[in-house]
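Residue-level structure breakdown
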Amino acid sequence: ESGHVVLDLCAAPGSKTLQALELAVDGAVIANELSASRACVLARWCLSQPAAAAVAVVQHKAQLFPTPALYDRIICDVPCSGDGTMRKHPEKWRNWSPHLGRELHSRQLQIALRAMALLKVGGLMTYS
């Protein structure tokens, strides 16, 4: 909505960030990406948009995102094990093991809890 400040906690590759930016009339989008290389690519994508002045690309661990601000909307597309792509990419089976999903669960939960702490009262969080 107009004037909303949106935080995309795990932003790369950036499709959700760009969609939020298109809707950020008189608002702002903060796009967070831990990976420096992915953050650079995301920043280049954002700079090519008409509303480029309304976006900031930052680099922090999502579960420790440092800010005194609260957000109207938070996009939380957390890291996953990628096991859903095994059918399309059978070579991934070589590196897969059950502990990968279990290992990620704690980080996914930490990110979701941090996102909820950063949300304004009445704000909305999308979690995937």
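Structural data are supplied above this passage.
Calculation notes
Residues numbered from 1 in each chain as written. Predicted model: local features only at pLDDT ≥ 70, side-chain atom pairs only at ≥ 80, totals over all residues. Heavy atoms only, no water. Helix = DSSP H or I, 4+ residues; strand = E, 2+ residues; numbered from the N terminus. Rg over C-alpha atoms; globule rule 2.2 N^0.38 Å. Buried < 20%, exposed > 50% of the residue type's maximum accessible area, 1.4 Å probe, protein only. Contact = heavy atoms within 4.5 Å. Areas by Shrake-Rupley, 256 points an atom, 1.4 Å probe, with all protein chains shown as cover. Lys, Arg positive; Asp, Glu negative; His and termini not counted. Charge placed at Lys NZ, Arg CZ, Asp CG, Glu CD. Polar contact = N/O pair within 3.5 Å; in protein donor to acceptor, adjacent residues only side chain to side chain.

**Let's talk about the overall build of the chain**
- Secondary structure assignment for the chain yields three helices and five strands.
- Helices and strands in the chain line up, N terminus first, as β-α-β-α-β-β-α-β.
- By the compact-globule yardstick of 14 Å for 128 residues, the chain fits well, its C-alpha radius of gyration being 16 Å.
- Scored against the burial criterion, the 128 residues of the chain give a buried share of 35%.
- Summarising the internal contacts of the chain: among those between residues at least 6 apart in sequence, 72% fall at separations of at least 24.
- Carbon and sulfur atoms make up 59% of the accessible area of the chain, which totals about 7,800 Å².
- Here the chain holds 13 positive side-chain charges and 10 negative ones, and the gap between their average locations is 8 Å.

**Re unusual backbone geometry**
- In the segment running from Ala-12 into Pro-13, the intervening peptide bond is cis, with an omega of 10°.
- Structurally, the position occupied by Pro-13 is in the loop between strand 1 (5–8) and helix 1 (15–23).
- Within the chain, Asp-26 stands out as a residue other than glycine whose phi angle is a positive 55°.
- Relative to the helices and strands, Asp-26 resides in the loop between helix 1 and strand 2 (28–32).
- Judged by its relative accessible area of 66%, Asp-26 is exposed.

**Describing the side chain of Thr-17**
- Take Thr-17: it is sitting in helix 1.
- Side chain to side chain, Thr-17 and Asp-8 meet in a polar contact 2.6 Å long.
- Not counting residues up to four positions away in its chain, the partners in contact with Thr-17 are Asp-8, Ala-11, Val-29, Ala-31, Leu-42, Cys-46 and Val-55.

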